[in-house]
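Spelled out from the first residue to the last, the chains are:
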Amino acid sequence: MMGDWLQRHRRSLLFMLVVLVLAGGMAAFRLPVSLFPTISFPRVVVSVDAGNLPISRTQIEVTQPLEQALRGVPGVERIRSTTSRGAADISVQFAWGTPMVPALLQVESAVNQVLPKLPPDTRFRARRMDPTVFPILGLALNSSTLDPVALRRYAYYDLRPRLLAIPGVAQVEVQGGTQAEYEVVVDPMRLQSYGLSSADVERALADNNIITAVGRLQRHYRLYQVLSQSPLKNVTDIGHTVLKTGADGVVELDDVAQVRQGTVPQWTTVTANGKPAVLVNIKEQIGANTVAIDQTIRRLLRTEAKSIPAGVKISTWYDQSQLITSAASSVRDAIFIGAALAALVLLVFLRNLRLTFIVAIVLPSVLLASVLILYVLHMSFNIMTLGGMAAAVGLVVDDAVVMLEYIMRRIAEHPGEKVPVLHSALEMSRPLAGSSAATIIIFAPLAFLSGVTGAFFQALAIAIAAALVISFLVAYLAVPLLADALLRRQDAEAAEREGRVMGRVKERYGAFLGGLLARPFLLLPIVLALVGLGGWAYTQVGSGFMPDMDEGGFVLDYKAPPGTSLAETDRLLEQVQQILARTPEVASYSRRTGLQLGGGITEANQGDFFIRLKKHRSRSIWQIMQSVRQRIHDQVPGLRVETGQLMEDLIGDLTAVPQPIEVKVFGSNPQVLQATAARIAGAIHGISGVTQVFDGVTIAGDAMNIRIDPIKAALEGMAPAQITAQLQTLMDGRVASRIPQGQEVIGLRVRAPRAIWDDMARMRALPILAPDGHYFPLARVATINAQAGQAELNQENLKPMVAVTARIEGRAMGTVMHEVQARLAHLTLPPGVYLQYGGLYQEQQQAMRELAMVLVAAILLVAVLLLFLYERFTIVISILATALLALGGVFVGLWLTGTQRNITAMIGMTMIVGIVTETAIFYFAEAQNSDVAELIRAGRARLRPILMTAIIAMLALLPLALGLGAGAQMQAPLAIAIISGLIVEVPLVLLIMPGIYRFLERLVRRRARA
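Residues numbered from 1 in each chain as written. Predicted model: local features only at pLDDT ≥ 70, side-chain atom pairs only at ≥ 80, totals over all residues. Heavy atoms only, no water.

Enquirer: Hey, could you run me through the overall build of the protein in this one?
Expert: Secondary structure assignment for the protein yields 32 helices and 31 strands. A principal-axis box enclosing the C-alpha atoms of the protein has dimensions of 130 × 80 × 55 Å. Buried positions account for 55% of the 1010 residues belonging to the protein. When contacts within the protein are restricted to residue pairs at least 6 apart in sequence, those whose partners lie at least 24 apart make up 79%. When the 91 positive and 78 negative side-chain charges of the protein are each reduced to one mean point, those points stand 6 Å apart. (Helix = DSSP H or I, 4+ residues; strand = E, 2+ residues; numbered from the N terminus. Buried < 20%, exposed > 50% of the residue type's maximum accessible area, 1.4 Å probe, protein only. Contact = heavy atoms within 4.5 Å. Lys, Arg positive; Asp, Glu negative; His and termini not counted. Charge placed at Lys NZ, Arg CZ, Asp CG, Glu CD.)

Enquirer: Is there a simple way to explain the nonpolar core in this structure?
Expert: Side chains that are nonpolar tend, in soluble globular proteins, to be buried together. Of all hydrophobic cores here, the largest spans 212 residues; its most connected members are Phe443, Phe456, Met546, Ile661 and Val820. Examining the composition of this core, we find that 22 residues originate from one element, helix α16 (residues 451–486), more than from any other. Not counting the four nearest positions on each side in its chain, Ile661 is found in contact with Val690, Val804, Thr805, Ala806, Arg807, Ile808, Val816, Met817 and Val820. Residues Leu243, Leu253, Ala257 and Ile746 belong to the second largest nonpolar core, which totals 25 residues. (Core = buried A, V, L, I, M, F, W, Y, C linked by side-chain atoms within 4.5 Å.)

Enquirer: Explanation requested: the pairing of strand β8 (residues 210–219) in the structure shown.
Expert: Side-chain direction in a regular strand flips from residue to residue, so the side chains alternate between the two faces of the sheet. Judged by how many residues are buried, β8 sits mostly at the surface: 0 of 10 residues are covered. One ladder, built from 9 bridges, connects β8 with strand β9 (residues 222–230); its direction is antiparallel. Residue pairing across strands places Thr212 opposite Ser228, the latter belonging to β9. (Pairing = 2+ DSSP bridges.)

Enquirer: Before we go on, may I ask you to explain the packing of aromatic side chains in this structure?
Expert: Aromatic ring pairs are reported here in terms of the distance separating the ring centres and the angle at which the planes meet. Inspection of every chain in the model, using the stated rule, returns 14 aromatic pairs. With a centroid separation of 4.7 Å and an interplanar angle of 80°, the aromatic rings of Trp536 and Trp895 are classed as edge-to-face. Of this pair, Trp536 sits in helix α19 (residues 523–540) while Trp895 sits in helix α29 (residues 873–897); the two residues are 359 residues apart in sequence, bridging distant segments of the chain. When its relative accessible area of 35% is taken as the criterion, Trp895 is described as partly exposed. (Phe/Tyr/Trp six-rings, centres within 6.5 Å; stacked < 30°, edge-to-face > 60°.)

Enquirer: Hey, could you run me through empty space enclosed by the protein in this one?
Expert: The probe, sized like a water molecule, is rolled over the atoms to show the empty space still left. Per the stated rule, a full pass over the model turns up 9 cavities of 30 Å³ or more. A volume near 210 Å³ is recorded for the second largest cavity. If you trace the second largest cavity, you find 21 residues lining it, with Ser34, Phe36, Pro131, Thr132 and Glu284 closest to the centre. Of the residues in the lining of the second largest cavity, the class split is 11 nonpolar, 8 polar and 2 charged. (1 Å grid on protein atoms, 1.4 Å probe; cavity = no way out; pocket = protein on both sides within 12 Å on 5 of 7 lines; lining within 4 Å. Points joined across faces, edges and corners; volume = space filled by probe spheres on them. Nonpolar A, V, L, I, M, F, W, Y, C, P; charged D, E, K, R; others polar.)

Enquirer: What exactly am I supposed to notice about the environment of Val185 here?
Expert: With respect to the helices and strands, Val185 occurs in strand β7 (residues 180–186). Relative accessible area serves as the criterion here: at 6%, Val185 is assigned to the buried category. The spatial distance from the C-alpha of Val185 to the C-alpha of Val750 is 6.1 Å, given a sequence separation of 565 residues.

Enquirer: Even after reading the chapter, I still don't get the environment of Ala881, so can you show me in this structure?
Expert: Looking at where Ala881 falls in the secondary structure, it is placed in helix α29. Through-space distance from the C-alpha of Ala881 to that of Leu988 is 9.6 Å; in sequence the pair is 107 residues apart.

Enquirer: It is not clear to me how α29 should be interpreted in this structure. Could you clarify?
Expert: In an α-helix there are 3.6 residues to a turn, and that puts residues three or four apart on one side. With 25 residues, α29 should cover 36 Å at 1.5 Å per step; its first-to-last C-alpha distance of 36 Å lies within 8% of that length. In the segment just after α29, Gly898 is the residue with positive phi, at about 70°. (Expected span 1.5 Å × (residues − 1).)

Enquirer: Teacher, can you tell me more about the pattern of salt bridges here?
Expert: Where charged atoms from two side chains of opposite charge come close, those side chains can pair. Evaluation of the coordinates by the stated rule reveals 25 salt bridges. Here Asp294 ties to Arg298 by a salt bridge, and the two come within 3.3 Å at their closest N and O atoms. Placement of both Asp294 and Arg298 in helix α9 (residues 290–303) is noted, with a separation of 4 residues, approximately one turn of the helix. By relative accessible area, Asp294 is classed as buried at 8%. With a shortest N-O distance of 3.2 Å, Glu716 and Arg780 are connected by a salt bridge. Of this pair, Glu716 sits in the loop between α24 (710–715) and α25 (720–730) while Arg780 is found in the loop between β27 (775–777) and β28 (782–787), placing the two residues 64 residues apart along the sequence. Among the charged side chains, a network of salt bridges with common partners joins Arg80, Glu662, Lys664 and Glu796. (Salt bridge = Lys/Arg side-chain N within 4 Å of Asp/Glu carboxyl O.)

Enquirer: What's the story with the packing of helix α15 (residues 429–441) against α16 in this structure? I'm lost.
Expert: The relative placement of two packed helices comes down to the angle between their axes together with the axis-to-axis distance. Contact geometry for α15 and α16: axes closest at 10 Å, N-to-C directions at 170°. Here α15 lies roughly antiparallel to α16, going by the angle between them. Residues Ser429, Leu432, Ala433, Ser436, Thr439 and Ile440 of α15 touch α16, and the partners they reach there are Leu468, Val469, Phe472, Ala475 and Tyr476. Taken together, the residues of the contact of α15 with α16 sort by class into 8 nonpolar, 3 polar and no charged. (Axes fitted to C-alpha atoms, helices over the stretch in contact; angles between N-to-C directions. Parallel < 35°, antiparallel > 145°, perpendicular 65-115°, else oblique.)

Enquirer: Help me understand helix α12 (residues 383–391), please; the structure alone is not making it clear to me.
Expert: Summarising burial for α12: 9 of the 9 residues are buried, a large majority. Buried residues of α12: Ile383, Met384, Thr385, Leu386, Gly387, Gly388, Met389, Ala390 and Ala391, and no others. Its side-chain oxygen at 2.9 Å from the backbone nitrogen of Met384, Asn382 defines the N-terminal cap of α12. (Polar contact = N/O pair within 3.5 Å; in protein donor to acceptor, adjacent residues only side chain to side chain.)

Enquirer: I tried to follow the sheet that holds strand β16 (residues 312–319) on my own but got confused; where do I start?
Expert: Note: strands within a sheet are paired through backbone hydrogen bonds, in either parallel or antiparallel orientation. Spatially, the 4 strands line up as an open sheet ordered β6-β15-β5-β16, and their pairing is antiparallel. The sheet terminates laterally at β6 (169–176) and β16, the two strands that pair on one side only. This sheet shows a mean twist of 20° between the axes of neighbouring strands, independent of strand direction. Both β6 and strand β15 (residues 278–284) contribute to a ladder of 7 bridges, which runs antiparallel. Bridge pairing in β15 links Gly176 to Val278. Each of β5 (137–143), β6, β15 and β16 touches helix α5 (residues 148–164); the most contacted strand, β6, lies at about 170° to it.

Enquirer: Would you mind going over the layout of surface pockets with me for this structure?
Expert: Approximately 1200 Å³ is the volume found for the second largest pocket. Along the walls of the second largest pocket sit 42 residues, with Met546, Pro547, Asp548, Trp622 and Gln900 positioned nearest its centre. Counting only elements with at least two residues in the lining of the second largest pocket, the list comes to α21 (621–635), β20 (640–644), α22 (646–655), β30 (799–808), α29 and α32 (966–1009). Taken together, the residues that form the lining of the second largest pocket break down as 21 nonpolar, 14 polar and 7 charged.

Enquirer: I tried to follow the side chain of Asn281 on my own but got confused; where do I start?
Expert: Mapping Asn281 onto the fold places it in strand β15. We classify Asn281 as buried; its relative accessible area is 2%. At 3.3 Å, the side chain of Asn281 forms a polar contact with the side chain of Gln175. Sequence-distant contacts of Asn281, that is, excluding residues within four places in its chain, are made with Pro135, Leu137, Gly138, Gln171, Val172, Glu173, Gln175 and Trp317.

Enquirer: Even after reading the chapter, I still don't get a nonpolar patch on the surface, so can you show me in this structure?
Expert: A contiguous nonpolar patch, built from Val214, Leu217, Tyr224 and Val226 and spanning about 340 Å² of accessible area, is present on the exposed surface. Within the residue set of the nonpolar patch, elements represented by two or more residues are β8 and β9. When you line up the elements, Tyr224 lands in strand β9. Here Tyr224 falls in the partly exposed class, since its relative accessible area comes to 39%. (Patch = residues over 30% accessible without salt bridge, like charges linked within 9 Å, V, L, I, M, F, W, Y side chains within 5 Å. Areas by Shrake-Rupley, 256 points an atom, 1.4 Å probe, with all protein chains shown as cover.)

Enquirer: Explain the side chain of Arg751 to me, please; I cannot follow it from the model alone.
Expert: Locating Arg751 in the fold gives a position in strand β25 (residues 744–751). At 3.1 Å, the side chain of Arg751 forms a polar contact with the side chain of Glu183. Not counting the four nearest positions on each side in its chain, Arg751 is found in contact with Glu183, Val184, Val185, Val186, Arg260, Thr729, Leu730, Met731 and Gly733.

Enquirer: What is the right way to read the environment of Asp695 from this model?
Expert: With respect to the helices, strands and loops of the structure, Asp695 is situated in the loop between β22 (690–694) and β23 (703–708). Between the C-alpha atoms of Asp695 and Ile308, which are 387 residues apart in sequence, the distance is 47 Å. Those residues in contact with Asp695 that sit more than four places away from it in its chain are Ala677, Ala678, Ala681, Val802, Ala803 and Val804. One polar contact links the side chain of Asp695 to the main-chain amide nitrogen of Val697, over a distance of 3.0 Å.

Enquirer: Where do I start with unusual backbone geometry in this structure?
Expert: Note: most peptide bonds trans; most residues except glycine with negative phi. Of note, Asp121 is a non-glycine position whose phi angle comes to about 65°, a positive value. Among the structural elements, Asp121 can be located in the loop between α4 (100–114) and β4 (123–128). The backbone of Glu871 shows a phi angle near 60°, a positive value even though the residue is not glycine. In this fold, Glu871 is placed in the loop between α28 (839–870) and α29. The exposed category is assigned to Glu871, whose relative accessible area is 60%.

Shown next as structure tokens:
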């Protein structure tokens, strides 16, 4: 028999479980630690730079050919593009589950095929979108002694290589500071006097800066490489470059130009805590250990402190590991608190330290062994897997308690006899296996979830399922063996001896259940009341998407009016920095102007802050964000700002749906679309809870248009292209050559003095040199006028589109979106214009549909399992009806706690179906038939274990439900949903389900007799 086999192999089985626990403990130290599960988002972004083309030409010559080519890539579901001046960002969306490495290669191949047809010098970069595109650690370098060039040089050439050598680091991005460059500022009049042009200067510099291998020479048994060298090394060498020789002497560069040390022109600003800084952004490899990388970097900075230049201060402006460790600590604490509360409940109910000790051994053993499964599946510790383990604590304890309680009852039923513990335990194998299968099987449909929901919550489901599988094996094998070794008869008899309180409870319960079974018509109003209350609560609970979580910092995106100069934008942002400095909760902040954390097209009038908050503060992060926005609105007019937490922004960037509300306006005429978008923005602006409304129209900066008349240019002996080339050299400058110096290569830029073209009047008088040597003013062949900025053009699936976006605060997403849709339904649209709803709301709707299907599939799977166990529809219908009634209690709990029906709460609802089924299976394992006396006896027998397991599960989930800590906030709706279901589970299983079962059995008997 199985019991004899267990008795013979008890030592080997226990040792095997010990080995599993030890292996799990070792795996716990090797498991990567990260914020998110390892997710492959099905999106590739192609960033294109085609110079300074106007927006309309960029759209026709660059964006549209690329979109048409990318549309042919296999598996593409959606293409979305943004076109600005000479630049475009094209988002290519694939189906979830698409292998993204081949997809990226196919995207690059498609772009390369059309690249020869695009404007000359067009460059592109394609990148997969995954959580590693955002930095895991951001360092800010300030210095009181080094200039911006030296500070950036240290960051890029000294610090960056050391950081790249750390295992797990994929990329180290350096922002801010300036790069050195030699400036050759030529005087056009002097050039004319010597009969030279700027092209002659460029050619001379290139010809005099040569290091070239001209051949090889074998001599005296050795092979020599022959080099021809005439390198330029410094300002003096550059100044002595010979431009012209003749009877009148030699013309050197110093004669017609000023040569000096300069910096590469840039239109960006980077600061940290209000001071100019260099930011070093560290990005990790996919699947790397975020916390280990952070610890290694900090250890490196401590050990290499002496090598840091004097006066350089390195601070942290962002640290993802703090959020991870905080989340891990809060979930760890939730596990410990839940376990301690469970032990306390066991002591109260069982009044025995040996029984409590067995459960205290089982819980950590199960959790550690389940870590081994996560390790084998190449998963990581993250907010989802840790939350799943915390949510499983109550269920793990349940299995052990049920087995122990049954063993003790069997011993107590045979006083004075030697009861074989292992044989008694095996009698519970069928209901234990069925109940475990009921809670595990409900996670099977989660494998078919797609989108963000599937990416995140499959990891949670695997963590819970792994813990439940191990829990069943431990409860089936280890708990009986431990009970056989540790429990004494007096322990069982003392535990089974009913106290005064429990005896009264059982007595009153039996009387109440007997009365209810004798009057089955009372069931109908009770069931109807439960259904009505649950249905009403469902209508009152708002729907959301991802739970809110305090990340300890937020992103503030800003945009100055179109065409605002970098200097004016800096002036406005100085006021913002003063507001942040005066906000008591702000610990530090960094700013990017002309750049963005997530990349993308960025003008000089826009950028973002990342604001890190202090750990201990009186206001919530949402109150602080609202306060900062309001103060900026009041004190810095003209600056439009948006705030959001980094994880929210990250998910938005990864899925190309950055805002909760997105109303997409489609049509053929961009002007009509922009006007319609403005009306839509105005219509939704006054809706309660809608904030940060943006009409979707982004105006690129103003332009100074120079229109060259080909006929007038021909009369001067020139073509428009020649004049344009001279203008580029005189104004922006051309890098004629490059000089290696140390680890870097420094450019040699030729340009004219800014004083001769820094306003429109001087620009009209700009001297252009004709091939025959005469100069003429630019105004002679061209007209110059200022042009207001043009709106960036957006398309989705090759259709012109403008997206009106907004954020939601203080209200449920579903409720707000219903009001938005109702208000826009009365809006009269121009002919050919139509609307679509996107954003996170679209993701939420898809997630809710899929989770509803998961819930239905879970119920059907449970029904199949129950039929397999009992082969009686009366039992199956009784259990399923009880589980469905418990869902009404979940809605009531969500309504009472003000919790939204988001995807985490939906997972909790799905789990309740399994939990109620598990409890019901144990009840029917006790009840032998549908007689009133038998149903009352089974209920009295199962009353204490049902109360124990329900209370233990609720207390174990209580820390998560209260949202104690960062990670717990993500799982709080799940915990609230389960606790709400558990509260109603006890009366439903012990009172309503027996009544439903008896009523159905009587119907079956009547029909059989008829």
